[in-house]
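Next come the chains, spelled out residue by residue.
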Amino acid sequence: MQEPKPCFALVDCNSFYASCERVFRPDLARVPIVVLSNNDGCVVARSADAKPFIKMGEPYFQIREKLVQHGIVAFSSNYALYGDLSQRVMTVIDSLVVNSTAYSIDEAFCDLGGMTLPLERLGRQIRSKVLRYTGIPVGVGIAGTKTLAKLANHAAKRWQRQTGGVVDITDSVRRDKLLKVCDVSDVWGIGRKMTEHLTGMGINTAWDLAKADPWTLRKRFSVLVEKTARELQGVPCLEMDEINSPKQEICCSRMFGTRLTAIEPLREAVAAYAARACEKLRAQNSLCKKVRVSIRTAMFNPDEPKFARGVICELPYPTDDTRVITKAAVAALSELFQEGFKFSKAEILLMDLRQPNEFTADLFAPAQSKGDGRVMHVLDEINAKWGRGTLRTGRVPVTPEWNMRRELKSPSFTTRLDELWTVR
Amino acid sequence: MYEQLSWLSSMSIDYLGHIDAPGHPLPLYSFTVPAGFPSPAQDHIEREISLDELLGLRLPQVFLARVGGDSMKGVGIFDGDLVVVDRAIEAKPGLIVIAALNNEPLIKTLCKDGDQFILRSENATFAPRYVLENDELLIWGVVLYSIRSHTNARA
């Protein structure tokens, strides 16, 4: 039998953090929103209508007046809320496609190879079901390679009104048309520096890159750039791990080869994914303060019991120590695990990332020693907290950072009983 | 679990049948032992009762909200109760919904008189709210259950 033609969809939430803030705040549907990094440092997310006024990374203290002037509402990051809604979005996507992989907190790649449904219709189905179930708007890009799917998704966002948020470029005429109107900087993995190099060579559009000589690209730049060009031509050759984009979260999620029913192999998987995620973390020289672990069964088969849950674990201090993160992740797994399910996937999400010099300026942070004793102490802390379920909420011990953050943080609408949405 | 309204019975029977609308299977209500070839003893394994499953709390479309005020006391929903809200179920007249009317989050019974939508409180001291042309109505979800604490502890 002939192998089905490869086909991928990239489902990407629109301004995810800002969209999350809007789910329980219908009054903010048309109000521009920015979300601030930990300790209310700088802007890490903007709603589409805030983008013209506020740049990514602008320090909060510098833009206060500008926010007031344009009627922009600022939120401290509410990772408990974002993590919960992310999980809901991924679960809905899982219910519509056979194989999907979370690429980050707000993006998932779906393998649509062999799908018989008209793909654009499937894309619209994903979009409308996710919106209805979770309140989060998503865009869907569909194409023969991941890089093209990402570009199609970019187009779905840019021409939201004309496309209804879904763009299918499996057809080569449509694909080429899109390649010609996209700048080379719109291509996945082509950063600012690379764009400069490429435009220097006369490569200005995605189409130019697709037509460039792969061998020259490999010699002058890297295998990655060569592969990217091949992907633009429609030849799939990139694995998920190979692309590194600047990240606010690091995600490691895989389907298991076989369904797992016992905790032991799950523990191994979670530890392995945590180790991989930590490698990525160190590779980009960041530290992380929160780790989210989730496990799920397949959502596709209506006859099997379904399970999809995750917990967020607050780490004692910003860290890139695999041991610390793995221990927390494994403890979280024990909390999550239940008998009677055939688990198909585990996911590790490192959240609340920061650069090493970002937090040392905080004079009021608790003294941090990274010795083993500290690690064990923290574990005890975690376990003590698990019993009462407080870790799940992502609540931080009282620190100045937390106090400050709380001023602008929306309630943990979905993870704390005492912060639920009130309806009259 | 709310009582059905007495006046509902006077309405078309169609409405009553749509609390779990078609197209939204609720798998957590019907537990089946995982398939495969397990030991015979596994046929008799029963899991613990889970309110999460009964109420569908782990479904991606199900959210909790807290009720403020007594506007729905006629159907047994009181101040401070928790409600289980499903975003996927189609809001039909007769169902209790979470709605944002001009951005204000409300819990009300959805009614329809001709083309006119009405948000009805279940409490005589609250007038029914007719949704007028300039009003903005967003149906956020349908209330499936309510949970009430019978001590002073918060539910």
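Values in this document were obtained by computation on a predicted structure and should not be read as measured data.

Engineer: Outline the overall build of chain A, listing residues and values.
Structural biologist: Secondary structure assignment for chain A yields 16 helices and 13 strands. Burial analysis of chain A (424 residues in total) assigns 55% to the buried set. Carbon and sulfur atoms make up 52% of the accessible area of chain A, which totals about 18,500 Å².

Engineer: Hey, could you go over the interface of chain B and chain A for me, with residue numbers and the actual values?
Structural biologist: Counting residues at the interface gives 39 residues for chain B, matched by 32 residues for chain A. The junction of chain B with chain A conceals about 2,900 Å² of combined surface from both sides, 56% of it contributed by carbon and sulfur atoms. Summed over the three residues of chain B that lose the most area to chain A, namely P60, R66 and R87 of chain B, the buried surface amounts to 19% of that side. Viewed at the interface, chain A and chain B are joined by one salt bridge. In this structure, E136 of chain B engages R30 of chain A in a salt bridge whose closest nitrogen and oxygen atoms are separated by 3.0 Å.

Engineer: Explain the sheet that holds strand β11 (residues 308-319) of chain A to me, using residue names and the numbers behind them.
Structural biologist: Residue and element names in this part refer to chain A. Read across the sheet, four strands follow the order β9-β12-β10-β11 without closing on themselves; strand pairing throughout is antiparallel. A strand with exactly one partner marks an edge of an open sheet, and here the two such strands are β9 (250-260) and β11. Going across the sheet, the axis of each strand differs from the next one's by a mean of 15°, ignoring polarity. Sheet contacts for helix α3 (residues 79-94): β10 (287-297), β11 and β12 (343-354); angle to β10, the most-contacted strand, approximately 30°. Here helix α12 (residues 263-283) sits on the sheet and contacts β9, β10, β11 and β12; the angle it forms with β9, its principal contact strand, is near 155°.

Engineer: Report on the packing of aromatic side chains, specifying residues and quantitative values.
Structural biologist: Residues and elements named next belong to chain A. Enumeration according to the criterion identifies 17 aromatic pairs over all chains in this entry. Between F341 and F343, the aromatic rings sit 6.1 Å apart at their centres with planes inclined by 50°, giving tilted as the arrangement. Both residues of the pair, F341 and F343, count as buried. Sitting above the plane of the W207 ring, K180 keeps its charged end 4.3 Å from the centroid.

Engineer: Can you lay out the domain arrangement of chain A for me, pointing to particular residues and giving the numbers?
Structural biologist: All names here are of chain A. Looking at the assigned domains, one finds that chain A contains domain 1 (1-170), domain 2 (190-245) and domain 3 (250-386). The interface is formed by 21 residues belonging to domain 1 together with 22 residues belonging to domain 3. Interface area for domain 1 against domain 3, summed over the two sides, is near 1,700 Å², with a carbon-plus-sulfur share of 53%. Three residues stand out in domain 1 for area buried against domain 3, namely N38, Y79 and Q87, and they jointly supply 34% of the buried area on that side. The partner of R296 in a salt bridge is D94, with the nearest N and O atoms 3.3 Å apart. Those elements giving two or more residues to the side of domain 1 that touches domain 3 turn out to be α3 and β5 (99-104). At eight residues, α3 tops the list of elements feeding residues into the side of domain 1 that touches domain 3. By residue class, the composition of the side of domain 1 that touches domain 3 is nine nonpolar, 10 polar and two charged.

Cut-offs used in this document
Residues numbered from 1 in each chain as written. Chains lettered and ligands numbered in written order. Predicted model: local features only at pLDDT ≥ 70, side-chain atom pairs only at ≥ 80, totals over all residues. Heavy atoms only, no water. Helix = DSSP H or I, 4+ residues; strand = E, 2+ residues; numbered from the N terminus. Buried < 20%, exposed > 50% of the residue type's maximum accessible area, 1.4 Å probe, protein only. Areas by Shrake-Rupley, 256 points an atom, 1.4 Å probe, with all protein chains shown as cover. Contact = heavy atoms within 4.5 Å. Buried area = accessible area lost by both parts, 1.4 Å probe. Salt bridge = Lys/Arg side-chain N within 4 Å of Asp/Glu carboxyl O. Pairing = 2+ DSSP bridges. Axes fitted to C-alpha atoms, helices over the stretch in contact; angles between N-to-C directions. Phe/Tyr/Trp six-rings, centres within 6.5 Å; stacked < 30°, edge-to-face > 60°. Lys NZ or Arg CZ within 6 Å of the ring centre and 35° of its normal. Domains from an automatic or database assignment. Nonpolar A, V, L, I, M, F, W, Y, C, P; charged D, E, K, R; others polar.

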